[in-house]
Amino acid sequence: MKKFIKRVLTLLLVLVVSLSGVIFYLGYREYRDVTESVSIQERVLEVTQKDDYASLEMIPQIFMDAVVSVEDERYWKRNSTLDFEALLRATYHNIRNLSLVEGGSTIPQQVSKNLYFNHSASFTRKVSEYFITRDLLKIYSKEVILELYVNMIYYGAGAYSVQSAALNYFNMNVWELNDGELVMLAGLPQAPSVYDLNVNYDLAKQRQSHVLDRMVKTGVLTEFEAEVIYDMEVRHEEAND
């Protein structure tokens with residue numbers, strides 16, 4: 001009986017290793033195909049040339065701090081391509097649900113995905129994204145990658161950049177917004193349709209509170225500063241006049 005169990009376990013191990021090898025090969029091949037067709041630098045140039053692209057100099061620092069606090073709090077400290085803590089957590093959830101329901105993606109990984117792929121998820125695609133992210137981190141600074149991120153993610157209401165979101169929701173440029181409005185914008189990409197300011201303002205306000213809590217936890221704000229920002233007027237109705 002012990003020999004039988006050992007053989008079964010050995011067979012399962014071989015199958016897992018073989019399947020992992022196939023996934024790795026297919027993911028690496030996809031990465032090579034897409035980057036040889038259009039280089040990362042060309043993709044990035046396409047993004048930065050859009051009319052609604054906002055450079056770091058145009059975006060208030062509190063918005064960037066809010067984004068990092070709520071989306072990828074280890075962003076500045078992490079030196080590896082992957083966030084292994086987030087990856088282990090995502091793997092646990094995926095095994096529990098028997099599907100790829102969580103990806104453990106970092107900000108650079110999300111930039112890589114948005115540069116080349118749609119939002120479909122697969123293990124092969126994750127391998128592709130890993131290699132693109134690896135190259136992205138070699139070519140660009142974290143400041144540039146963060147700038148790309150806030151100019152590529154979806155904020156709802158048809159806005160795919162922070163500048164478009166500022167205009168759509170507030171009828172103002174991003175550098176004209178107050179701290180409360182900026183923190184609120186930072187929370188929208190997690191569920192843009194749910195937190196749409198013009199439809200579900202109360203939920204967006206709850207999300208703003210969560211972002212502020214994260215900023216306090218990561219040391220960006222004091223509790224008093226967070227309370228002051230939470231109480232600021234959010235002038236979203238002006239965009240509907």
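Data block above holds the structure.
Just so you know, the residues in each chain are numbered from 1, in the order the chain's sequence is written. It should be noted that, the model being predicted, local features are given only for residues of pLDDT at least 70 and side-chain atom pairs only at 80 or more, the latter also being counted only at that level, while totals for whole chains, interfaces and linings use all residues. Only hydrogens and water are removed before side-chain values are computed, so all heavy atoms of the structure are retained for them.

**Brief notes about the overall build of the chain**
Filter applied, for reference: Each helix is a run of DSSP H or I of at least 4 residues and each strand a run of E of at least 2, with the numbering of both proceeding from the N terminus. Any residue under 20% of the maximum accessible area for its type is buried, any over 50% is exposed, and the rest in between are partly exposed; the area is computed with a 1.4 Å probe on protein chains only. Contact criterion: two residues are considered in contact whenever any of their non-hydrogen atoms come within 4.5 Å of each other. Methods summary: accessible areas were calculated by the Shrake-Rupley approach with a probe of 1.4 Å, and residue burial reflects only the protein chains presented.
On a plain count of helices and strands, the chain comes out with 11 helices and 0 strands. Mapped from its N terminus to its C terminus, the chain presents α and β elements in the order α-α-α-α-α-α-α-α-α-α-α. Within the chain, buried positions represent 43% of all 241 residues. Look at the contacts in the chain between residues 6 or more apart in sequence, and 66% of them connect residues 24 or more apart. Summed over its atoms, the accessible surface of the chain is roughly 13500 Å², and 55% of this surface lies on carbon and sulfur atoms.

**Describing the packing of aromatic side chains**
Put simply, the rule reads: Each aromatic pair joins two rings of Phe, Tyr and Trp (for Trp, the six-membered one) with centres within 6.5 Å, and gets the label stacked for planes under 30 degrees apart, edge-to-face for over 60, and tilted for any other angle. Either the NZ atom of lysine or the CZ atom of arginine qualifies as a charge over a ring when it sits within 6 Å of the ring centre and within 35 degrees of the ring normal.
Tallying each qualifying case throughout the model produces 7 aromatic pairs. Ring geometry for Tyr28 and Tyr31: centres 5.5 Å apart, planes at 50°, overall tilted. One end of the pair, Tyr28, and the other, Tyr31, are both in helix H1 (residues 2-37), 3 residues apart, so they sit about a helical turn from each other. For Tyr28, a relative accessible area of 31% gives the class partly exposed. Plain terms: the ring middles of Tyr154 and Tyr160 are 4.5 Å apart, the flat faces sit at 35° to each other, and that makes the pair tilted. Residue classification places Tyr160 among the exposed residues on the basis of a relative accessible area of 51%. Here a set of aromatic residues connected by ring pairs shows up, and it is made of Tyr28, Tyr31, Tyr130 and Phe131. For the cation-ring pair, Arg125 lies above Phe117, with the distance from its terminal atom to the ring centre recorded as 4.0 Å.

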